Amino acid sequence: MRDRSSMAGAARGSRAGGKRGGGGGSASSSSAAASACVYYATTALLVALCVAGACFLTSTSGAASSSAAAADGDAAAGSVTAYRHTTRSSFAYEVTRERAVPAPPRGAAGDASAGGESTAVGAGTGSDEEGAEEESQPKSAVAAAAMAVMDDPHAKPDDRGGSDEAGMGMEEEHRVSAAAMEDVKGEDGDTAGGAEASAEDAAVKEQEAVLEEKLEMPHEQARAAVEEKNLDGGIEEESNAAGQRQREEEQSALDDPAAGGGLRREAQEEIQIDGDERASENEQQPGEAESEQHQPEEEQMRSSASDTNVEAAFGDRNGDGGDGDKASAVEESLVGEARAEEQRAWATQADQSHREKDRRDGESDAGGGGESGEEQQQEWRVCNVKAGADYIPCLDNEKAIKKLRPENFRRYEHRERHCPDEGPTCLVPLPAGYRRPIEWPKSRDRIWYSNVPHTKLVEVKGHQNWVKVSGQHLTFPGGGTQFIHGALHYIDFLQQSVRGIGWGKHTRVVLDVGCGVASFGGYLFERDVVTVSFAPKDEHEAQVQMALERGIPAISAVMGSKRLPFPSKALDLVHCARCRVPWHADGGALLLELNRVLRPGGFFVWSATPVYQKLPEDVEIWKAMTSLTKSMCWELAGIKKDRLNGIAAAFYRKPTTNECYEGRKRQQPPMCSDDDDANAAWYIRLNSCMHRVPTAASERGARWPAEGPRRVRTPPYWLDATRAGVYGKPEPEDFTVDYDHWRRVVDKSYLNGLGIDWSRIRNVMDMRAAYGGFAAALREKKVWVMNVVNVDAPDTLPIIFERGLFGIYHDWCESFSTYPRTYDLLHADHLFSKIKERCAVLPVVVEVDRIVRPGGGIIVRDEAGAVGEVEKLLRSLHWDVRLTFSKNDEGVLYAEKSDWRPELIEEPS
């Protein structure tokens, strides 16, 4: 303020001098010369004085241009050039333009030079008034604008020079410089006027002294003020510039995925994902909003599933309570499917089977071409096949079956899998009058006839209480060929006959061969036993379909020329009740296959007429079986009769040591070679030999698994802590982490968060199981889970059987061996992103549509891209996509199948 007062005083002095000098109208040539000398002398003096403050002295060209503009009567806005010192010992160059001040009208008092002087002085005064106005203005808007610039990561440091404080500092600098120049001009005019009037010489000298004193102090003060303001502004600007550089570097890092910026950006996006998704939901069209208002209450409840439950579908890997480290370990161990591929110490079923055969040579070249079909809008058609609504592509391949020779039929190869070269993309029709299945446990006793409209079994087996027709239902009295009076009595009879069976405690996993309608397995659920039932798709039409419609585990398979799709030493007990399998034929090849899959110490229960009837054929078969089982070192634990049903059963037990094998006089059947992989089971032809029993304490099969319910949660004793499991941790810890993970996902998300009506869920399939953790987490529900271990995934199926669950090997590039409409819920954990590496996704989604019942659903957990691709296909199939959720490039989808079928029919091939 002191600076401004000084400058104002100088300006007033200038104006006074101007008035005094305005009276000299005419001048002689001598007086003009004297005036010129005084003018130049004074100018030289002023220049010398200004050298002391030369940092901010403006060039004489500015003054000259101002004088010229004043002579023309125009008020021009001068361009002032200033150099501001910065803390980096350099000069920031900046040009600013002052606001133009209107010039006084022509003809004002005084001559041209006096008018010019008045104009210049007026401009200086106006600057002071303008600065005062700016000071009085509120700074909130300016501050906000400055903050916006500073917050902009792309703003340049020089741009911030126009911000509030820096801009005001520069205006102040220019006002000081302009005021100093006006003092100089004012003195010029004053001195000239004094020279023309000799009477006022003394006054002129006095005014010069006063002006000299006044000019010296404002220049010093102005220089100090300008220098101080420039220094402060430079520090602030440098600080702003440094902050800006830091923000630009951070932004550059964010934009650079190679530098990890992608991870930071994902972390920022993760915080906003819930809000963003809710915002996107609110942006729906008016028509959609109106439609949603008319949604049924059930739909509204499904759509309002809590984010907490949905996010738990990603694993809730932060855990409960405060066990952050362990939860973090779960998070790290259960992300992405590359995790499994890195652990090549685990053999896959494909690897094992490939060493046994050359069937799939070149398959990798044939696979993987998969995405062109999905890119276009799919036109769906109904399959035009002889099997109609019961079409199983790999079992109804008529072209392949016609190529078989007579000897192939003798070994039942026509009942084995013969998959088409390319997976079908047509849709299986619904049977006429199809209805939603009856819920368990009522379904065990009756099903809708319209869903399985086959009566041949009623005609052939109705008198044995297999199945009967009762109005709109097929009813199942619970009988069978060997247990006409009910399965429960028969089950109790078996347990009482031989010590060591112990349903639900010692024996928990059973294989029922030639199961019929699977009443044996259906009633074993009451004894806490899971049973895999299988039978061929033969003249006993739809027996497996009836079993699955009842809610009992079953697959379509046959004891033929190839190994069963199970690992070795996996089953606790194998049951055959009049299963029509020639065990003694071909050197006992089929019974030797049972020996492969049976656990050491496990039982083979044979309930058949050769055991208790004396017909010549039965006697011959019994003798052959007795000789074969002795040579196999099977112990005949007993033969017991069931007087109620009028039958008997023989109980054989597999040895637990190799002593019998080594003591045989005749090595028939022979022992398998050491390089014969007992676990290879995918399209492997039978080999009539026996594998040795494991003897080392740490080998699988050396001792029986844990008993009772503890078996499902206890890591198998043969898991090795020195080896990495599927997810990279030591095998026992890997097992436990997987189990804990799926319990959290099921409890916090699947049971409540996806809108699934679990009262309608019975038949479940885990399409890509690892340790069976998903099935174990559902152990207390009234469901059963078929655990599918993919042939290209780590071979963990032995672990699944070891924990008292069951499963099967399968390749999802082919169709599954089950009837259409047989599963209520499918679970696909990172299946589709992996399958794309080998075959097309489209046929897999069509297979999903084939085996899921109308009203049933699928849970897809996968990479976001794979989930989106599956969602697109399911929507085109008119599935009801109930939920989709994505986070950090991982997605979850739940969709339910509708009754829709296309009107178009596939062209006959």
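Residues numbered from 1 in each chain as written. Predicted model: local features only at pLDDT ≥ 70, side-chain atom pairs only at ≥ 80, totals over all residues. Heavy atoms only, no water.

Naming follows an unreviewed UniProt entry, where the protein chain appears as Methyltransferase of Urochloa decumbens. In its Sequence similarities (unreviewed entry) section, the UniProt record describing the protein chain reads: "Belongs to the methyltransferase superfamily." (UniProt positions renumbered as here; feature names shortened; annotations may be inferred.)

Q: Help me understand the nonpolar core in this model?
A: Most often, soluble globular proteins have nonpolar side chains that are buried together. Residues Trp583, Phe604, Trp606, Met765, Met786 and Phe832 are the most contacted members of the largest nonpolar core, which totals 128 residues. Per-element tally for this core: the top contributor is helix α32 (residues 841-851), with seven residues. When near neighbours in sequence (up to four residues on either side) are disregarded, Phe832 contacts Val841, Val844, Val845, Val848, Val860, Asp862, Ala866 and Val870. (Core = buried A, V, L, I, M, F, W, Y, C linked by side-chain atoms within 4.5 Å. Buried < 20%, exposed > 50% of the residue type's maximum accessible area, 1.4 Å probe, protein only. Helix = DSSP H or I, 4+ residues; strand = E, 2+ residues; numbered from the N terminus. Contact = heavy atoms within 4.5 Å.)

Q: I tried to follow the pairing of strand β16 (residues 823-829) on my own but got confused; where do I start?
A: The two faces of the sheet receive side chains in turn, since in a regular strand these alternate between them. Among the seven residues of β16, seven are classified as buried, and the element is accordingly described as predominantly covered. Both strand β13 (residues 763-766) and β16 contribute to a ladder of three bridges, which runs parallel. Across the sheet, residue Asp766 finds its bridge partner in β16, namely His827. In terms of strand pairing, β16 meets strand β17 (residues 852-863) through six bridges, oriented parallel. Paired with Leu825 across the two strands is Gly857, which belongs to β17. (Pairing = 2+ DSSP bridges.)

Q: What am I meant to see in helix α33 (residues 864-876) here?
A: Residue pairs spaced three or four apart in an α-helix point in one direction, given the helix's 3.6 residues per turn. Taking 1.5 Å per residue, 13 residues should reach 18 Å; α33 reaches 18 Å between its end C-alpha atoms and fits that length. Within α33, the full set of buried residues consists of Ala866, Val867, Glu869, Val870, Glu871, Leu873, Leu874 and Ser876. Two residues or fewer past α33, His878 is found with a positive phi of approximately 65°. (Expected span 1.5 Å × (residues − 1).)

Q: Looking at this structure, I do not really get the pairing of strand β18 (residues 880-887). What am I missing?
A: Pairing of β18 with strand β19 (residues 890-896) involves seven bridges; the strand directions are antiparallel. Bridge assignment links Thr884 to a residue of β19, and that residue is Leu893.

Q: Explain the state of the cysteines here, please?
A: In protein structure, a disulfide is the covalent linkage between the sulfur atoms of two cysteines. In the structure shown here, the tally under the stated rule is six disulfides. Bridging Cys394 to Cys419, the disulfide has an S-S length of 2.0 Å. Its torsion about the S-S bond being 110°, the disulfide of Cys394 and Cys419 is classed as right-handed. Separated by 25 residues along the polypeptide, Cys394 in the loop between α16 (372-375) and α17 (398-402) and Cys419 in the loop between α18 (406-410) and β3 (446-448) bring together distant segments of the chain. No difference in accessibility class separates Cys394 from Cys419, as the two residues are buried. Put simply, Cys576 and Cys579 are joined by a disulfide, and their sulfur atoms are 1.8 Å apart. On the S-S bond that ties Cys576 to Cys579, the torsion sits near -85°, and the link is left-handed. (Disulfide = S-S within 2.5 Å.)

Q: Just to check I follow, could you spell out the sheet that holds strand β7 (residues 530-535) for this structure?
A: In any sheet, the strands associate via hydrogen bonds between backbone groups, in a parallel or an antiparallel arrangement. Judged by pairing direction, the sheet is mixed, and its seven strands sit side by side in the order β8-β7-β6-β9-β10-β12-β11 without closing on themselves. Each having just a single partner strand, β8 (554-556) and β11 (635-642) make up the two edges of the open sheet. Taken over all neighbouring pairs, the strand axes of this sheet differ in orientation by 20° on average, direction set aside. For β11 and strand β12 (residues 647-653), the ladder comprises seven bridges, and the chain directions are antiparallel. Its bridge partner being in β12, Leu636 is matched across the sheet by Tyr652. Each of β7 and β8 is contacted by helix α22 (residues 543-550), which is oriented at about 155° to β8, the strand it contacts most. Set on the sheet, helix α25 (residues 616-631) makes contact with β10 (598-607), β11 and β12; between it and β10 the angle comes to about 175°. (Axes fitted to C-alpha atoms, helices over the stretch in contact; angles between N-to-C directions.)

Q: Help me understand the pattern of salt bridges in this model?
A: Pairing is possible between side chains that carry opposite charge, provided their charged atoms lie close to one another. Per the counting criterion, the structure on display carries 36 salt bridges. Across the salt bridge formed by Lys562 and Glu416, the nearest N and O atoms sit 3.3 Å from each other. Placement of Lys562 in the loop between β8 and β9 (571-577) and of Glu416 in the loop between α18 and β3 is noted, with a sequence separation of 146 residues between them. Glu416 shares its class with Lys562; the two are buried. For Asp811, the salt bridge identified is with Arg838, shortest N-O distance 3.0 Å. Placement of the pair is Asp811 in the loop between β15 (807-810) and β16 and Arg838 in the loop between α31 (832-835) and α32, with a sequence separation of 27 residues. For Asp811, a relative accessible area of 1% puts it in the buried group. (Salt bridge = Lys/Arg side-chain N within 4 Å of Asp/Glu carboxyl O.)

Q: Explain the packing of α32 against α33 here, please?
A: Helix-helix packing is described using two parameters, namely the angle between the two axes and the distance between the axes. Running from N to C, α32 and α33 point in directions that differ by 55°, and their axes come no closer than 10 Å. Here α32 is positioned oblique relative to α33, judged by the angle of their axes. Viewed along their axes, α32 and α33 form a crossing whose handedness is right-handed. Between α32 and α33, the contacting residues are Val841, Leu842 and Val845 on the first element and Glu869, Val870, Leu873 and Leu874 on the second. (Parallel < 35°, antiparallel > 145°, perpendicular 65-115°, else oblique. Left-handed = near helix turned anticlockwise from the far one by under 90°.)

Q: Honestly, unusual backbone geometry in this entry has me stumped. Any pointers?
A: As a rule of thumb, non-glycine residues mostly have phi less than zero, and peptide bonds are mostly trans rather than cis. Cis peptide bonds are those with omega within 30 degrees of zero, and the linkage from Trp440 to Pro441 qualifies with 5°. The residue Pro441 is located in the loop between α18 and β3 in this model. The omega torsion across Gln668 and Pro669 is -5°, close enough to zero to call that bond cis. Mapping Pro669 onto the fold places it in the loop between α26 (659-663) and α27 (710-713). Within the chain, Asn465 stands out as a residue other than glycine whose phi angle is a positive 60°. Counting through the fold element by element, Asn465 comes out in the loop between α19 (456-461) and β4 (468-470). Residues other than glycine seldom take positive phi values, yet Ala518 does so here, at roughly 70°.

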